[in-house]
Amino acid sequence: MTPSSLSTRLTLFALLSATTFYFLYKSRRRCLKPLKHLPLNPNPRPGKLFFLTQTGTSKALAQRLLDLLSSKNNIPFDLVDPHTYEPEDLPKESLIIIIASTWEDGNPPQNSKFFVNWLADISTDFRAGNLLLSDCKFAVFGVGSRLYGDTFNAVARDLGKRLRGLGATEMVPVGEGDVDGGELESVFEGWSEKVVTVLKGGLVMENENGIVYESDVESLESDDDDDGEGGEDIVDLEDIAGKGPSRKKSVNVAETNGKLDGKREMVTPVIRANLEKQGYKIIGSHSGVKICRWTKSQLRGRGGCYKHSFYGIESHRCMEATPSLACANKCVFCWRHHTNPVGKSWQWKMDDPLEIVNTAIDLHTKMIKQTKGVPGVTQERLMEGLSPRHCALSLVGEPIMYPEINALVDELHRRRISTFLVTNAQFPEKIKMLKPVTQLYVSVDAATKDSLKAIDRPLFGDFWERFIDSLKALKEKHQRTVYRLTLVKGWNTEDVDAYSKLFVLGKPDFVEIKGVTYCGSSATSKLTMENVPWHSDVRAFSEALALKSEGEYEVACEHAHSCCVLLAKTEKFKVNGQWHTWIDYEKFHDLVASGRPFDSDDYMALTPSWAVYGAEEGGFDPDQSRYKKERHHKSKR
């Protein structure tokens, strides 16, 4: 090797080493972006300064901050009590500051429960998306006591997480004041100065987690990235038993391998945490209840769901529940991205049906009580809501899997609570054994074997045979029966002929046709908004399907808000030219109590004109008040 070639190689080695060192250094800075100014709010609308208070401390701090912002720095803000604020107006705001106290057991103060619960609900509602508050900047300061351990400033931390999840930009990290630590005043003062600095266009740096001040950069660079345990673990719950993320904390022996007292628990700690984050109230070891947004909507006089339009249920008196969170499918449009367990047979500890019903009603009424004082909720509607008259056994999972489903249905009927039960057409023997419910649904998500496998992703190898047998079993039932079709654009909207051939198997009373609801991005689903049909698409499909039935079915009702259309058997439910798709619930309960056989047309009732297909109201009850949100869609460039 010549001296010149050796020199050349050494030079290249030195350059490579320097480059490697440079990129290692850059990675330790956690990809900090260059220094920049946060732009001042160009919107003249004043910012909103909320105080969530129980004893007045948060309100006093908010008043002090208001003076600092408005009087001393000429930054306009309104002081707002969340009890008097309509949270659905939040997307209109461009600046939000929240001073939040944490009260007993990590709960928000009384004046803010609806506000906090609304944020929790909307942040887990895939319909809202993660851009709902993308035009908003926010800051949160918490007032709490470290003496309460893990719940210290729980409300403030949760609010910060919810707002970030809805796309809002965090101006400064959540401040945490300790009322019992003697440092509340100084911590709040320092946090307030940072807020003012940002609002006045002060220099900050940004990383993927939020905003970092120049003064914090040095300590950030010296952090050891390997010390943390990383982000929240996401586990495929089909394989959760024994394969969940490792935990450094000790595990109770009774919980090991999914067992408890020798019997497997359906709801493991990881599953429970995932479902509770989504607003579910877990009952015992395998059941759940959750308040529906339509329940809250009709409590406020803002309209009911499609079941109100089609069948006359009172949405504000409807309880959404399930006695089995487990399912035998992993559908591409699953509302919960498979955060519920799956299984092909009942293999878990079993809770008593009476306990399930009692607890479900108790938890449901507690959630109803939380709406007291909410704008629009009258005392009359609140009292009605506290006495549920309907139970939708369709929350999540497969309710018919529960071995004591008949006893549970009996208990609901004994209380004169009607039952709408949905099954995923994988348990035909369970359908045959099921006692009469008010209305029995079978999900018909596809009309061919290949498309059903692609959409429902069933666990059973003989899923198609089970599907066909389930439809045939429906034909033998005497209560009201429904085929429930979920249209997914690009997957199953071209199969009109194949769907019509399935009608003869089950002879359902009704066929509900609904456009799929986009559940947000997920590693478990490839669906996008492109797969969501418009209401006009659902109407066209429904009309074509009715035409194929050669008069056996006609388009009877629609609920435009839900992109949902109802076909009904013409001969049975169209009497003297008028539809009778609604239900006489009192008569149904009388028929059940009599113990005598009865048929679906024994308890039908007249459908109001506003719910009939083609009506000007589009299925919206004129006795309710229509509330339309302002939507601001950014144009693509």
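As recorded in an unreviewed UniProt entry, the chain goes by the name tRNA 4-demethylwyosine synthase (AdoMet-dependent), listed as coming from Gossypium lobatum. The Cofactor (unreviewed entry) comment attached to the chain in UniProt states, word for word, "[4Fe-4S] cluster". Under the UniProt heading Catalytic activity (unreviewed entry), the entry covering the chain gives this text: "N(1)-methylguanosine(37) in tRNA(Phe) + pyruvate + S-adenosyl-L-methionine = 4-demethylwyosine(37) in tRNA(Phe) + 5'-deoxyadenosine + L-methionine + CO2 + H2O".

### Structural notes on the pairing of strand S2 (residues 47–52)
When you tally the buried positions in S2, you get six out of six residues, the bulk of the element. Going residue by residue along S2, you find Gly47, Leu49 and Phe51 tucked away on one face and Lys48, Phe50 and Leu52 tucked away on the opposite face as well. Pairing between S2 and strand S3 (residues 77–80): four bridges, direction parallel. The residue bridging Lys48 from the neighbouring strand is Asp78, located in S3. Where S2 meets strand S4 (residues 95–101), five bridges bridge the pair, whose relative direction is parallel. Pairing of Leu52 across the sheet is with Ala100, part of S4.

### Looking at the side chain of Glu88
Within the secondary structure, Glu88 sits in the loop between S3 and S4. Given a relative accessible area of 17%, Glu88 falls into the buried group. Within the local environment of Glu88, its side chain forms a polar contact with the side chain of Arg302, the two groups lying 2.5 Å apart.

### What about the packing of helix H15 (residues 463–475) against helix H16 (residues 496–506)?
Axis separation between H15 and H16 bottoms out at 6 Å; the angle between their running directions is 50 degrees. Relative to H16, the element H15 is oriented oblique. Packed against H15, whose contacting residues are Phe467, Ile468, Leu471, Lys472, Leu474 and Lys475, the element H16 presents Leu502, Val504, Leu505 and Gly506 at the interface. Considered class by class, the residues forming the contact of H15 with H16 number seven nonpolar, one polar and two charged.

### Overview of the confidence of the model for the chain
Across the chain, pLDDT averages 81, with 77% of residues at or above 70. Contacts of residues 12–43 to residues separated by more than four positions or lying in other chains number 48 contacts, the stretch itself having pLDDT below 50. Below a pLDDT of 50 lies the segment residues 203–262, which in the model reaches 89 contacts outside its immediate sequence neighbourhood of four places, other chains included.

### Some remarks on the environment of Thr84
With respect to the helices, strands and loops of the structure, Thr84 is situated in the loop between S3 and S4. Thr84 sits in the exposed class, given a relative accessible area of 63%. A distance of 2.9 Å separates a polar atom in the side chain of Thr84 from the backbone oxygen of Asp81.

Reading the values: rules and limits
- Residues numbered from 1 in each chain as written.
- Predicted model: local features only at pLDDT ≥ 70, side-chain atom pairs only at ≥ 80, totals over all residues.
- Heavy atoms only, no water.
- UniProt positions renumbered as here; feature names shortened; annotations may be inferred.
- Buried < 20%, exposed > 50% of the residue type's maximum accessible area, 1.4 Å probe, protein only.
- Helix = DSSP H or I, 4+ residues; strand = E, 2+ residues; numbered from the N terminus.
- Pairing = 2+ DSSP bridges.
- Polar contact = N/O pair within 3.5 Å; in protein donor to acceptor, adjacent residues only side chain to side chain.
- Axes fitted to C-alpha atoms, helices over the stretch in contact; angles between N-to-C directions.
- Parallel < 35°, antiparallel > 145°, perpendicular 65-115°, else oblique.
- Contact = heavy atoms within 4.5 Å.
- Nonpolar A, V, L, I, M, F, W, Y, C, P; charged D, E, K, R; others polar.
- pLDDT = per-residue confidence, 0-100.

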